[in-house]
Structures are given as C-alpha cells and as structure tokens.
Amino acid sequence: MWRDADFRRLWLGQTASQLGEHTSLVVLPLLAVLTLDATAGQLGVLRAVGQAPILLLALLAGAWVDRWRTRTTMVLTDAGRALALGAVALACLSGRLGMPGLLVLAFAVGALSVFFDVAYQASLVRLVERDQLLRGNSALEGSRSTAQIGGPALGGALVSLLSAPIAVASGALFFALSFLSIRRIRRAEAVPRRPEHPPRVRHRIHEGLRFVVRDPVLRAVCLASAAFQFFFAAVMTAYLLFLPRELHLSGTVVGLALAAAGPGALLGSVLAARLPGRFGHGPVLVCAAALGDGVFLWVPALHGSSAVAVPALLVAGFVFGFGGQLVNVTIMAVRQAVTPAGMQGRAAATITFAGMGLTPLGSLFGGFLAGEWGLRTGLLVAAAGMMLSPVVMASSPLVRLGRELPGPRGGPTGG
C-alpha cells in the first residue's frame, strides 16, 4: 500500500489537514480564553458555532461527495480553511479581532471541515481494495494520531510563547500543505455512475438516512456515536476551563496535556489493524470504548501541584487516545465494509450528522454545567455521560461482530 504514490499523497495531505484542524481546535478556544477573556458561556458558544456546520451541512456533504470527485472537494476545502485562518491572523495583527469575528470564522472553518472529513472517508474506498480497508484506515487514523500529538502541543506553545497570530497562521500553513499534496493525486476515481435523471438532493439525502436507520449495525453506530460526541463536547468545554483556571496550568502545559492523547492514539491505530482479527470486532469496540471513555471519570478529583496533576493528565490523555483510536479505526472499517460503493458518502455523512451533529448542544451543555455547577462537578457529570456509548455498543448487534468484516448490505449504488 505504501508503494502507491497516490495513497502516500492522500496520507500526507490528510495528516497535514488534521494537524491544522487539531492545532486550530486548541488555538481558537485558547485565543478566546487568554486574549479575549471569554467566559464559560462564551467559550461554549464558540465551540458550538464551530461545530454547528456538522448538524447543518453533514447530510448535504454526503450527497455531494457521492456524486463528485473527493480529490476536488478536499482541495477546495483546504484552500478555504487556509484563507479563513489567515483572516483570523490578520485580524489579530491589526488588533481588530473580537468575539463576533472569531465566531464567523470558526463557523467557516467548521463548515469546510465537514466537507473535507466526509470526502476523505469516501476517498479511501475509491483508492484501495476492500481487503485493504482496515490497513488503509489504520494508516490514515495513525496520521490523525500524529496530528493529535503535534497539533495541541504546537498550538498551546505558540499561543503561550510567541503570539496569537503565529499560532493561528500555523493552522493555515498546514491546510496549504494539504492542498498541495492532495492536488497531486493522479489516479482517476471510481465515481459511482450518475443516472440519466439524477434524483434531487433531498431524495439522495433521504436514501442515505433510510439506509443507515434500517441497518441494525449502522443504527447502533449512530446511537453510540451520538452519546459519545454529545458528552465529549461537554467534557472538552469544561476541560479547557478546568486546566488553566482550576489547576492553574499554562497554555503550553494545556497543549501538552491535550497532546497526550496522540501517542495513545498512535498505538491504538497500530493495534487496530491486528486486535479485531484476533479477538473480534465487537469485543474490541466495547472494551476500547469503556476504557477510553471511563478514564475521564477520575480527572475531576485532581488537586495539588502541577508535579502531581500533569503526569496524571498525561496518563489519562494517553489511555483516552488509545481506546478512542481503537474504536475509530474499527468503526470506520465496519461502516465501509457494510456500505455499498454508491452510498459511502451518504452513510458517512449520516453517521457524522447523528453523532457529531450533537456536539454544538454538548458544548453548550458543558458551558452550562461549568458555569452553574462548578468546573469539577460539571466535568464529572459530563464524563459520566460518556459511558453511555460503550453501554449502547454492548446492548447492540455491534458486540456480536466477529473476526471477519461483514459484507455490503443492500442499498442504492448510484447517486
């Protein structure tokens, strides 16, 4: 697989894009907290606005991707995100950045990220054979782990040590690198044949929704993802306030604490290519979700000096990254295996819509908990809610998936 030049270009582009995205996910909230003195409610609104495009645009993105080349979609969205972050950097340099402008640009970056994420998930199916999906996903998710290692640490360090414009501009540079790499992909994509009279976008979206809802495995994936994403968004809103304000950590240390998930995720992506084939996809999913989600339950109990808190946070981040990455790679391989080629974009978008679409509400909920109940109690309640995800998996057909991936289910093949 690594001898394929186009796969390497996709891998490099996706790595750079994810690095830019993970840098921005830390830089923009820290910019709001440290530079604009954002309150808990304002931080919740900022995160919700950046995540709102998932709810508003994911289904449309799926219908779009199933009819067009994924390479074109990824290249255009990379260019747009680079320009948007460049605008933030210029506003910082001129001293004109305020919360309204930051909200607008966070929404723009989030909207373009929705289209990129759906496109890259569908692109792998068009580049590799079905029996290489697990290995391909492992490689791509490994690159996402690299982004989780470097992005938060780099973002936190740049905000703390240099300046906000440089921190924001770093994300723009990564998106520009992704643009240059992905546009060099030469292989013609096997885009599903378009019918002579293509159905309307609304009808294509409805087909994707109906396909996922009727499939018991994909339906369980949606429910588990929805539970996780809602409460994880709440956790992160409270967490980004808890670290600097309750534990009194600097921006650099906050970035390192968040980056600790990266090495764990890198290990998880490597083992994801082996563990499901040995123990079964279902058991790996349930155990990894319970381990990764449960580790946040004891984070609110941390007190004392940074010499005690920081190592504990690094361990928690590592375990969360390990379990979460096992789940991500395995879930993606299962979803791609059971979905017909002409439905890949819409199935991915429907699951993204059902899961990630709840993140704006989760971010608002996290801000409410932190503001009304206090940072420790709010973080604990949100972390307990994350445990609904492994409970849903253990109560669904997912837990019975064996060592072999299931085959494609019935569904439309055209767009």
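Residues numbered from 1 in each chain as written. Predicted model: local features only at pLDDT ≥ 70, side-chain atom pairs only at ≥ 80, totals over all residues. Heavy atoms only, no water.

Draft legend 1. Fine view of the overall build of the protein chain. Scanning the protein chain for helices and strands turns up 17 helices and zero strands. Every one of the 415 residues in the protein chain was classed for burial, and the buried ones make up 59%. A separation threshold of at least 6 residues defines the contact pool for the protein chain, and within that pool the share at least 24 residues apart is 90%. Approximately 16,500 Å² of the protein chain is accessible, and the part contributed by carbon and sulfur atoms is 66%. (Helix = DSSP H or I, 4+ residues; strand = E, 2+ residues; numbered from the N terminus. Buried < 20%, exposed > 50% of the residue type's maximum accessible area, 1.4 Å probe, protein only. Contact = heavy atoms within 4.5 Å. Areas by Shrake-Rupley, 256 points an atom, 1.4 Å probe, with all protein chains shown as cover.)

Draft legend 2. Region of interest: the environment of alanine 383. Considering the arrangement of structural elements, one finds alanine 383 in helix H16 (residues 375-386). Look at alanine 383 and you get buried, because its relative accessible area is 0%. For alanine 383, the residues in contact, after removing those within four places along its chain, are Val235, Phe296 and Leu297.

Draft legend 3. Structural detail: the side chain of histidine 281. With respect to the element layout, histidine 281 can be found in helix H12 (residues 281-294). Here histidine 281 is in contact with Pro276, Thr330, Val334, Leu401, Gly402, Arg403, Glu404 and Leu405, once residues within four sequence places are set aside.

Draft legend 4. Local environment of the packing of aromatic side chains. In the structure shown here, the tally under the stated rule is eight aromatic pairs. A ring pair is formed by phenylalanine 228 and phenylalanine 232, whose centres lie 5.2 Å apart and whose planes are at 10 degrees; its orientation type is stacked. With phenylalanine 228 and phenylalanine 232 both in helix H8 (residues 216-246) and four residues apart, the pair spans about one turn of that helix. What makes phenylalanine 232 buried here is its relative accessible area of 18%. Relative to phenylalanine 320, the ring of phenylalanine 296 lies with its centre 5.2 Å away and its plane at 70 degrees, an arrangement referred to as edge-to-face. Within this pair, whereas phenylalanine 296 is found in the loop between H12 and helix H13 (306-338), its partner phenylalanine 320 is found in helix H13, the two being separated by 24 residues in sequence. Both residues of the pair, phenylalanine 296 and phenylalanine 320, belong to the buried class. Pairwise contacts between aromatic rings join Phe228, Phe232, Tyr239, Phe296 and Phe320 into one cluster. Lying across the ring of phenylalanine 116, arginine 81 places its NZ or CZ 4.7 Å from the centre. (Phe/Tyr/Trp six-rings, centres within 6.5 Å; stacked < 30°, edge-to-face > 60°. Lys NZ or Arg CZ within 6 Å of the ring centre and 35° of its normal.)

Draft legend 5. Looking closely at the pattern of salt bridges. Per the counting criterion, the structure on display carries three salt bridges. Two residues, aspartate 78 and arginine 81, come together in a salt bridge whose shortest N-O distance is 2.9 Å. Placement of the pair is aspartate 78 and arginine 81 together in helix H3 (residues 70-94), with a separation of three residues, close to one helical turn. Taking the shortest distance from any N to any O, the salt bridge between glutamate 246 and arginine 376 comes out at 3.4 Å. Of this pair, glutamate 246 sits in helix H8 while arginine 376 sits in helix H16, placing them 130 residues apart in sequence. Glutamate 246 gets classed as partly exposed once you look at its relative accessible area, which sits at 31%. If you follow the salt bridges from partner to partner, you end up with Glu21, Asp78 and Arg81 in one network. (Salt bridge = Lys/Arg side-chain N within 4 Å of Asp/Glu carboxyl O.)

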